[in-house]
Amino acid sequence: MGAKTQFNAKVSRTPSGYNLGFTAASLRPELARIIAEYYLASGEWEVAKQRIRSSNALQCRSASSAVRLERELRNRLANLTQDQLMLVAQATAEDRAAIVWLAVCKHIQFAFEFAAEVLRGKLSLHDPVLRHSDYESYFENKSLTHSELTHLAASSKDKVRQSLLRMLTEAGLLAPGAALGTIQRPALSPTVVRAITRD
């Protein structure tokens, strides 16, 4: 039985700009599993990268998309501990998604802060409906201290929002519902909880 827990990640943050390259890939836990398997087999990220790309292990249609996808997912997974990578490679689909979301939070400050500030804040107020205004307020507030957000074209802003919402859905944090969806607190297994707390 899963144990409910409040997600609190200790992630080192710098004043540098947001990494918005996450639009190259949504959560993609099954592809993350492949990358984790290659890394665990070799013990070296560079070796894993070369083998994944040369064999087209992610089954991309073009070399350029394979490079972008592999790089983005690998950069996320590189923030995980060995135990967490083992879970990505071997755990159930639910546990894998939880750990891959942890990797996202460690690597993508924009996503981490949205979860910590917006989702957790709304759940604490017993308001599970994620509205367009919630996202827009968050984006506007962050634009005050992150000028890179103000320079995005409208199409890029839409892609950032769509990618973030897709990841939240794949992680089980956002379910279909009114407005942008219904926020839900996923039940984490004891194995996942231990892997996070030991980190």
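Notes on the structure in this doc start here. (Residues numbered from 1 in each chain as written. Predicted model: local features only at pLDDT ≥ 70, side-chain atom pairs only at ≥ 80, totals over all residues. Heavy atoms only, no water.)

**Considerations on the packing of aromatic side chains**
In plain terms, the rule: The rule is short: rings of Phe, Tyr and Trp, with Trp giving its six-membered ring, pair when the centres are within 6.5 Å, and they are stacked under 30 degrees, edge-to-face over 60, tilted in between. Put simply, DSSP marks the helices as runs of H or I at least four residues long and the strands as runs of E at least two long, and each gets a number from the N terminus on. Residue exposure (1.4 Å probe, protein chains only): buried if accessible area is under 20% of the type maximum, exposed if over 50%, otherwise partly exposed.
Throughout the structure, instances matching the rule amount to eight aromatic pairs. Judged by centre distance (6.1 Å) and plane angle (35°), the ring pair of Tyr135 and Phe139 falls under tilted. Taken together, the residues Tyr135 and Phe139, both in helix 7 (residues 132-143) and four residues apart, mark about one turn of the helix. Judged on exposure class, the residue Tyr135 and its partner Phe139 are both buried. An aromatic cluster of three or more residues is present, and its members are Tyr18, Phe22, Phe110, Phe114, Tyr135, Tyr138 and Phe139.

**Here we look at the sheet that holds strand 3 (residues 174-175)**
Rules: Here, a strand pair is defined by DSSP locating no fewer than two bridges between the strands.
If you trace the three strands from one edge of the open sheet to the other, you get 2-4-3, paired in antiparallel fashion. Of all strands in the sheet, those with a lone pairing partner are strand 2 (129-130) and strand 3, marking the two edges. For strand 2 and strand 4 (residues 181-183), the ladder comprises two bridges, and the chain directions are antiparallel. Paired with Leu130 across the bridge in strand 4 is Gly181.

**A closer look at the nonpolar core**
Put simply, the test is: The criterion is simple. A nonpolar core is a set of buried Ala, Val, Leu, Ile, Met, Phe, Trp, Tyr and Cys residues joined through side-chain atoms within 4.5 Å. Should any heavy atoms of two residues lie within 4.5 Å, those residues are considered in contact.
Of all hydrophobic cores here, the largest spans 63 residues; its most connected members are Trp101, Phe110, Phe114, Leu130 and Leu168. In terms of residues, this core owes the most to one element, helix 5 (residues 93-107), which gives nine residues. Residues within four places of Phe110 in sequence aside, it is in contact with Tyr18, Phe22, Tyr135, Tyr138, Phe139, Leu149, Val160 and Leu164.

**Section: the packing of helix 1 (residues 29-42) against helix 3 (residues 63-77)**
Operational definition: As a rule, the C-alpha atoms of each element are fitted with a line to give its axis, helices using only the stretch in contact, and angles between N-to-C directions run from 0 to 180 degrees. Roughly parallel covers angles under 35 degrees, roughly antiparallel covers those over 145, roughly perpendicular covers 65 to 115, and oblique covers all other angles. Residues were grouped as follows: Ala, Val, Leu, Ile, Met, Phe, Trp, Tyr, Cys and Pro as nonpolar; Asp, Glu, Lys and Arg as charged; and all remaining residues, including Gly, as polar.
Remark: helix 1 packs on helix 3, axes separated minimally by 10 Å, with the N-to-C direction vectors making an angle of 75°. Taken as axis vectors, helix 1 and helix 3 run roughly perpendicular relative to one another. Residues Leu31, Ala32, Ile35 and Ala36 of helix 1 form the contact with helix 3, whose participating residues are Leu69, Glu70, Leu73, Arg74 and Leu77. In terms of residue class, the contact of helix 1 with helix 3 is made up of seven nonpolar, no polar and two charged.

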